Amino acid sequence: MSQHHPHRILVTGADGQLAQCIRLEAVHHPEHTFRFVTRADMPIGDPEKVRAVFLAWAPTVCINCAAYTAVDRAEVEETEALHVNAVAVGILAAACREQRVQLIHLSTDYVFSGNAQTPYREDDPTEPLGVYGASKRAGEVLAQQEAPESLVIRTSWVYSEVGKNFLLTMVRLMSERDSVGVISDQWGCPTYARDLADALLRIIDGGRFTPGIYHYCNEGAITWYRFATAIRDLLGSACEVRSIPTHEYPTPVRRPAYSVLDTRRFRQTFGIMPPPWLVSLEVCLSRLRHAQG
Ligand SMILES: NC(=O)c1ccc[n+]([C@@H]2O[C@H](COP(=O)([O-])OP(=O)(O)OC[C@H]3O[C@@H](n4cnc5c(N)ncnc54)[C@H](OP(=O)(O)O)[C@@H]3O)[C@@H](O)[C@H]2O)c1
């Protein structure tokens, strides 16, 4: 496909964080036509609804941002998590193949155990620690099985000025408290959802849909503690950030201790360089400040 070929881009999970960020970035891509569908408009596991939307609107690309993302709750809602993150992805992917729609599916660093010591490559063995990670891994497999042309993009530690995320939680806590405890022994890569949204739209612009799994996150590996101190410093807050070990903050599901993603394949295939994490954090916080007036 030629460069800047106009596309009809269907984005699922429209009320979610990433979809909202794609909507914000879409204004920079007037050559494409966008449609954002919520769970009510098009539950991705409902083959009739998916078919109806595909036939009526004729998308050329579908970015699947719909997901069950409640990591801890998934342990007690396994059926629902598996339905949305795996079964429904298979249904959506089959519709994409049948209707010749290019699928871009999102996945997660939680497909890995976090026992590694060097950044994860796409072909490294997966070993999810909980139901959420296992359901997302099953979704990757189904996406590739049902739509072999699909792109599966794994990302990590997603934040932005919209939706529910670590950054917004920290901003709130730092305005309410004198001190906040943050985990200092889990390593990963923050991802500004607007950088990811921009990258996805640039892949579509380029029209080079090389199928496969890819890793996308901002550049640089840090701990949640480092992330929190950077947020505090950029806010100019006096809040104390206390370093706490994982064992002092028990959660129903163990988080990977090291889920740093290697983005080489993404960079080499698409020629898109993810910005350094601190640069993106600054951009996000300045937009947040601007939005708050
Ligand atoms: N957030 C992170 O830190 C992170 C990290 C790594 C990977 N990811 C992946 O990135 C992608 C986007 O995540 P996000 O942060 O934007 O998630 P999000 O904010 O939780 O949004 C997910 C959206 O999907 C919708 N949804 C749930 N079930 C659906 C269904 N059956 N049909 C249609 N829509 C449905 C949800 O609607 P309801 O609100 O009605 O449930 C919600 O609006 C996901 O694939 C996620 O696994 C996220």
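Read on for a plain summary of the structure. Predicted, not measured: the structure shown is a model, and the values here were computed from it. (Residues numbered from 1 in each chain as written. Predicted model: local features only at pLDDT ≥ 70, side-chain atom pairs only at ≥ 80, totals over all residues.)

Of regular secondary structure, the protein possesses 9 helices and 12 strands. By principal-axis analysis of the C-alpha atoms, the protein measures approximately 55 × 40 × 35 Å. Counting the 293 residues in the protein, one finds 45% classified as buried. For the protein, restricting intrachain contacts to residue pairs at least 6 apart in sequence, the fraction spanning at least 24 positions comes to 84%. (Helix = DSSP H or I, 4+ residues; strand = E, 2+ residues; numbered from the N terminus. Buried ≥ 20, exposed ≤ 12 C-beta atoms within 10 Å, placed from the backbone. Contact = placed C-beta atoms within 7 Å.)

Moving on, we get to the site of the ligand. Around the ligand, the surrounding shell holds 26 residues, and the nearest of these are G13, G16, L18, A66 and V158. If you list the elements that add at least two residues to the shell around the ligand, you get helix 1 (17-26), helix 3 (78-98) and strand 4 (102-108). Residues of the shell around the ligand, tallied by class, amount to 12 nonpolar, 10 polar and 4 charged. (Near = placed C-beta within 6 Å. Nonpolar A, V, L, I, M, F, W, Y, C, P; charged D, E, K, R; others polar.)

Here we take up the sheet that holds strand 1 (residues 8-12). Taken in spatial order, the 6 strands make up an open sheet running 2-1-3-4-5-10, and their pairing is parallel. Lying at the two open borders of the sheet, with one neighbouring strand each, are strand 2 (33-37) and strand 10 (212-215). The sheet shows a mean angle of 20 degrees between the axes of neighbouring strands, direction not considered. Note: strand 1 against strand 2, 5 bridges, orientation parallel. Within the sheet, the bridge partner assigned to I9 lies in strand 2 and is F34. (Pairing = 2+ DSSP bridges. Axes fitted to C-alpha atoms, helices over the stretch in contact; angles between N-to-C directions.)

Another point: the pairing of strand 5 (residues 151-155). Counting buried residues along strand 5, 5 of its 5 residues qualify, which places the element largely inside the surrounding structure. Examined bridge by bridge, strand 4 and strand 5 share 5 bridges and lie parallel to one another. Each residue of the ladder has a partner; that of I104, found in strand 5, is L151. Taken together, strand 4, helix 4 (residues 131-146) and strand 5 form a β-α-β motif whose crossover is right-handed. Where strand 5 lies against strand 10, 4 bridges are found, and the strand directions are parallel. (Right-handed = clockwise from strand over helix to strand, strands pointing away.)

A word on the environment of T210. For T210, the position within the fold is in the loop between helix 6 (193-206) and strand 10. As for T210 and T269, which are separated by 59 residues in sequence, their C-alpha atoms are 7.6 Å apart.

Quick look at the nonpolar core now. In terms of nonpolar packing, the biggest core is built from 87 residues, with V11, L18, I63, L92 and L200 touching the most fellow members. For L200, the residues in contact, after removing those within four places along its chain, are I22, I63 and I104. (Core = buried A, V, L, I, M, F, W, Y, C linked by C-beta atoms within 7 Å.)

Our focus in this paragraph is the environment of C96. For C96, the position within the fold is in helix 3. Classification of C96 as buried rests on a count of 26 C-beta atoms within 10 Å. Apart from residues lying up to four places away in sequence, C96 is in contact with C62, V101, L103, A147 and S150.

Bringing the pairing of strand 4 into the picture now. Of all 7 residues in strand 4, 7 are buried, a share of seventy percent or more. In terms of strand pairing, strand 3 (residues 61-64) meets strand 4 through 4 bridges, oriented parallel. Looking at the pairing, I63 lines up with I104 of strand 4.

Attention now goes to the packing of helix 2 (residues 47-57) against helix 3. The geometry of helix 2 relative to helix 3 is characterised by a closest axis approach of 10 Å and an angle of 35 degrees between their N-to-C directions. The element helix 2 and its partner helix 3 pack so that their crossing is right-handed. Between helix 2 and helix 3, the contacting residues are P47, V50, R51 and F54 on the first element and I91, L92 and A95 on the second. For the contact of helix 2 with helix 3, the residue count by class is 6 nonpolar, no polar and 1 charged. (Left-handed = near helix turned anticlockwise from the far one by under 90°.)

The next point concerns helix 1. Within the sequence span of helix 1, burial applies to Q17, L18, A19, Q20, C21 and I22. For helix 1, the secondary structure elements touched by its buried residues are strand 1, strand 2, strand 3, strand 4, strand 6 (158-159) and helix 6.

Turning our eyes to something else, we now look at unusual backbone geometry. We note that R100 has phi near 55 degrees; this positive angle belongs to a residue other than glycine. Within the secondary structure layout, R100 lies in the loop between helix 3 and strand 4. Looking at R100, the number of C-beta atoms within 10 Å reads 11, which means it is exposed. With a phi angle near 45 degrees, W157 is a residue other than glycine that sits in the positive phi range.

A separate point is helix 4. Along its 16 residues, helix 4 runs 22 Å from first to last C-alpha, staying within 8% of the 22 Å computed at 1.5 Å per residue. Every buried residue of helix 4 is listed here: V131, Y132, G133, A134, S135, K136, R137, G139, E140, L142 and A143. Residues of helix 4 that are buried sit in contact with helix 3, strand 4, strand 5 and strand 10. (Expected span 1.5 Å × (residues − 1).)

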